[in-house]
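Structural features, examined
Single-letter residue listing:
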Amino acid sequence: MRFASLTLLALAAAPLAAQTPVAQDSLSPWLNISYIMRGPENTGREPSNVRWTPDSRWIYFRWDEPGTSWRERPHQFRVKAEGGATPERLSDAAADSAAPLIAEGSLSPDKRYRAVSSRGDLWLVDLKTATLRRLTDTRGAESDPQYGADGRNIFFSRDDNLFGLDLSSGLVTQLTDIKKGPAPHDEKPDTGQRGYLEQQQKELFQSVRDRLYADSVRKADQKARDSLHYSTIYLGSDESVGSLSASPSGKTALLFTTIPAKGQKGTIVPDWVTTSGYVTDIAGRENVGDAQESGRVGMIDLTSGKVKWLSLVPGDSTAQPAYVFPLGWNDAGTSVLLFAVTKDFKRRIIWRIDIGRVVSTRPNAGNSDDPSGRVETTRPMMVALDSLRDTAWVDGPCFGCGGWLDGGKRAWYVSEADGWAHLYSVAADGSDKRQLTKGNWEVDSAELSPDGKQFWMETSEGSPFELHFWRMSTAGGAREKVTSAVGGHDVKVSPDGKLIADVFSVSNRPPELFVGSSQAGAKLSQLTTSPTAQWLKGPWISPSIVMVKASDGVEVPARIYRPQDLGAKPNGAAVIFVHGAGYLHNVKNYWSSDYYREYQFNHLLAAKGYVVLDMDYRGSAGYGRDWRTAIYRHMGGRDLQDEVDGSKYLTAQYSIPPERIGIYGGSYGGFMTLMALFTEGQYFGAGAAIRSVTDWGHYNHGYTAAILNTPQADSVAYRQSSPIYFAAGLNRPLLMLHGMVDTNVEFQDIILLTERLIELHKKNWWLAVYPVENHGFVRPDSWTDEYGRILGLFDQYLVGK
């Protein structure tokens, strides 16, 4: 089999102007609902979880051959890292054997070895010889291995405690003893009848006194022996260990705990179609504003076993962040970086925590061992290296990216401080802050090269509709663009730095795995072909990207599908597709992995004569902080106005009256469809709302509280953002579709809106339910029924008016 080069694949996605219209009579094999909704059986499953072997000879990845049933899970494949190589599927046994070799883990100080956890055991990977050494073989689950700074020890977690493993002797030592509380205490003497009898026994019998003495000696000996190793740390009665992170020095560890929310009321999702024939309940989630779980972060002195709990919210020693995680220890193991976000989601802090630093002294004149009369005390020193505030909420691309530079002399991170997600670095003492990248584009991902001298990053520099791989010195300065073909690139560099594995796509072809030189602009060879041969012959176009001028003067990017591009005559109607997820990027010159079925469905609509518009409305990813936060306190506000302006654009450009413009979308797109028909119905003729949020007060906390605050603190934001409050405005045909076992936007949402429509005596609305589907549908028959109904709605109410 011959494989196309990256250049050839890019030619298949030439600009729309260069494409030849497709003959209408040739579309039937592809543009029918049942074919499109077979999903991965046609388009294939894109290569994922790409990993290199240490010798840079093999690439491992998850994938499936073209035409594999939708029921199958992706399998483990490997392929030689050379042009023309053919991927081979591994047996489950072979995949298990290879798992430690390609797993990520902690590097030894000399970069020769990598400690990894695989299938619950620890392994040592020799990166020079690509061989394995098994370190543990237990029924317990060892995880999170961390190389010690001396290169002779590995620290790891098991059973909610920290252990050390001596690589030369194989000796395993328990370093912490963490238990749920409360801590035991000496029992108070019983002053009642039982206490009287116990006291009597001690007074009367020497044997009883001898037994009590022996017991006290045994307890004292046990306590003394324990103190030679570690002291017990007692957590709260409901508190549990979330994770542990050992310092490379072996002297300190971070303890992250989890404390369940008190009084929280969880939702219940009934599962209707079961093997038993009885309805069962699925435990759901909390609703926004309800009590939330919390936790603490402690610094453990592994010598004494003592823990000091950290205060990570400035100005409030009792408050804990919404979430916090480590960005890594410095090489010496003397400092760690923590990434923390406050509970109101409006502040992000990057902390440097130093262990065992002298921070205060106090007079101690009575201490004869200290002639100065002073005593030094130690506790972790904390320095906020960077703090970012946002009047809306902190987030953005590469949120949480960061680590150390130059052995711990500096730290790096990604921040939206100037309105775009860019790389920054700062000295370890908090001084000399530098912005390393700048411009109206975003850093989508970033990591340090193994030698610590370069950043490897994927950015939208040059175009918000492309994603390319770049290299840059950690000091900043000139950047080198490695990939060149128009589209989206997801790159993994080989361990020797000479090759790249690139999961690359264009707008009309799914992602495929390529390999080639890591030199800038080098041609790459295609290693996988995921779609079926039939699908590849289809009429798939690269939609043109147009700019829709919004009512506030901003130009909103949109993809457009036109009937003439598919050899069809306009039918005088149009449809606007609204992508879901809210913060998602869908207008781009590469494949939409989230909405590839809709990409094909939009072809079908265009082939039937509809003009189709797909907009990256305000709140979408890819356009900076102001675009991201334009929906703060009002979802269905500025974002919906962009869709209204899209309707006006279709009227102005194609003379399509608003009553012949439909709108559809799923999840956030379904929510937007409801808001469009309830509040801006004069601009739309019909709508199909899929798995829609109808009342944000019923959605989860982490997503909703960031954008709308909490309902008890900001009821205005919830009322102006929730479709259920505007249902009285419905005067256009509405089709609602929802999975009955949806654990994300729960089925209750659409039921509540249904009752509201009934009580409002509304007509021309319908509800289609799918008894076995969750939020993301799985079964092709469900997809086919769903989109068949949507097509029928548009054909009936938009065409022929």
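See the structure printed just above.
Cut-offs applied
- Residues numbered from 1 in each chain as written.
- Predicted model: local features only at pLDDT ≥ 70, side-chain atom pairs only at ≥ 80, totals over all residues.
- Heavy atoms only, no water.
- Helix = DSSP H or I, 4+ residues; strand = E, 2+ residues; numbered from the N terminus.
- Buried < 20%, exposed > 50% of the residue type's maximum accessible area, 1.4 Å probe, protein only.
- Contact = heavy atoms within 4.5 Å.
- Areas by Shrake-Rupley, 256 points an atom, 1.4 Å probe, with all protein chains shown as cover.
- Salt bridge = Lys/Arg side-chain N within 4 Å of Asp/Glu carboxyl O.
- Pairing = 2+ DSSP bridges.
- Disulfide = S-S within 2.5 Å.
- Core = buried A, V, L, I, M, F, W, Y, C linked by side-chain atoms within 4.5 Å.
- Axes fitted to C-alpha atoms, helices over the stretch in contact; angles between N-to-C directions.
- Phe/Tyr/Trp six-rings, centres within 6.5 Å; stacked < 30°, edge-to-face > 60°.

Turning our attention to the overall build of the chain. The secondary structure content of the chain amounts to 15 helices and 44 strands. C-alpha extents for the chain along the principal axes are approximately 105 × 65 × 55 Å. For the chain, with 801 residues in total, the buried portion stands at 52%. Across the chain, contacts joining residues at least 24 apart in sequence account for 59% of those joining residues at least 6 apart. When the accessible surface of the chain is split by element, carbon and sulfur atoms take 50% of a total near 35,500 Å².

By the definition in use, this model includes 34 salt bridges. Asp432 is paired through a salt bridge with Arg410; the nearest N and O atoms lie 2.9 Å apart. Here Arg410 lies in strand β26 (residues 410-415) and Asp432 lies in the loop between β27 (422-427) and β28 (434-435), a separation of 22 residues in the sequence. Assessed through its relative accessible area of 39%, Asp432 is described here as partly exposed. The residue Arg618 makes a salt bridge to Asp552 at a minimum N-O spacing of 3.0 Å. Here the residue Arg618 occupies a position in the loop between β40 (611-615) and α9 (625-628), and Asp552 occupies one in the loop between β37 (544-549) and β38 (555-561), the gap between them amounting to 66 residues. With a relative accessible area of 6%, Arg618 lands in the buried category. Judged by relative accessible area, which is 39%, Asp552 ranks as partly exposed. Several salt bridges converge on common partners, so that one network encompasses Asp390, Glu416, Arg625, Asp626 and Arg628.

In the sheet, strand β1 (residues 48-52) pairs with strand β2 (residues 58-63) via three bridges, with the strands oriented antiparallel. For Trp52, the partnering residue across the bridge sits in β2 and is Ile59. In sequence, β1 turns back onto β2 through a hairpin of five residues, with Ser56 there showing a positive phi of about 65 degrees.

With that settled, the discussion passes to the state of the cysteines. Across all of its chains, the model carries one disulfide by this definition. Two residues, Cys398 and Cys401, share a disulfide whose sulfurs are 2.1 Å apart. Classification of the bridge connecting Cys398 and Cys401 rests on its S-S torsion, roughly -95 degrees, and on that basis the disulfide is left-handed. Like Cys398, the residue Cys401 is buried in the burial classification.

This part is about unusual backbone geometry. With phi around 50 degrees, Asp144 is a residue other than glycine that occupies positive phi space. In this structure, Asp406 takes a positive phi of about 55 degrees despite not being glycine. Mapped onto the elements, Asp406 comes out in the loop between β25 (402-405) and β26. Accessibility expressed as a relative area gives 51% for Asp406, which makes it exposed.

Among the nonpolar cores identified, the biggest contains 75 residues, and Leu613, Trp696, Leu734 and Leu753 are the most heavily contacted of them. With eight residues, the top contributor of residues to this core is helix α11 (residues 668-679). If near-sequence neighbours (up to four positions away) are discounted, Leu734 is found in contact with Leu674, Leu677, Phe678, Gly687, Ala689, Asn764, Trp765 and Trp766. By size, the runner-up hydrophobic cluster in this structure holds 44 residues, among which are Trp591, Ala607, Val612 and Ala686.

A word on the sheet that holds strand β9 (residues 143-147). Judged by pairing direction, the sheet is antiparallel, and its four strands sit side by side in the order β9-β10-β11-β12 without closing on themselves. The strands lining the two open edges of the sheet, one partner per strand, are β9 and β12 (172-174). Strand-to-strand twist in this sheet, taken as the mean axis angle between neighbours without regard to direction, amounts to 25 degrees. For β9 and strand β10 (residues 153-158), the ladder comprises three bridges, and the chain directions are antiparallel. Each residue of the ladder has a partner; that of Ser143, found in β10, is Ser157.

The next point concerns the sheet that holds strand β42 (residues 686-690). Adjacent strands of a sheet form backbone hydrogen bonds with each other and so pair up, either parallel or antiparallel. Taking strand neighbours across the sheet as the criterion, the eight strands line up as β37-β38-β40-β39-β41-β42-β43-β44 in an open arrangement whose pairing is mixed. With partners counted over all chains shown, the strands left at the sheet margins are β37 and β44 (765-770), one partner each. Across the sheet, the mean angle from the axis of one strand to that of its neighbour is 20 degrees, orientation sign disregarded. Bridge count between strand β43 (residues 734-739) and β44: six bridges; the pairing is parallel. Among the inter-strand pairings, Leu735 is bridged to a residue of β44, identified as Trp766.

Here we come to the packing of aromatic side chains. Taken as a whole and judged by the stated rule, the model has 34 aromatic pairs. The interplanar angle of 85 degrees and the centroid separation of 6.2 Å between the aromatic rings of Tyr664 and Tyr787 together place this pair among those described as edge-to-face. Here Tyr787 lies in helix α15 (residues 780-797) and Tyr664 lies in strand β41 (residues 661-666), a separation of 123 residues in the sequence. Comparing Tyr664 with Tyr787 shows no difference in burial state: the two are buried. When the centroid spacing of 5.6 Å and the interplanar angle of 80 degrees are considered together, the rings of Trp696 and Tyr699 count as edge-to-face. Relative accessible area serves as the criterion here: at 2%, Trp696 is assigned to the buried category. Within the aromatic cluster, the residues linked to one another by ring pairs are Phe577, Tyr595, Phe601, Tyr664, Tyr770, Phe777, Trp783, Tyr787 and Phe794.

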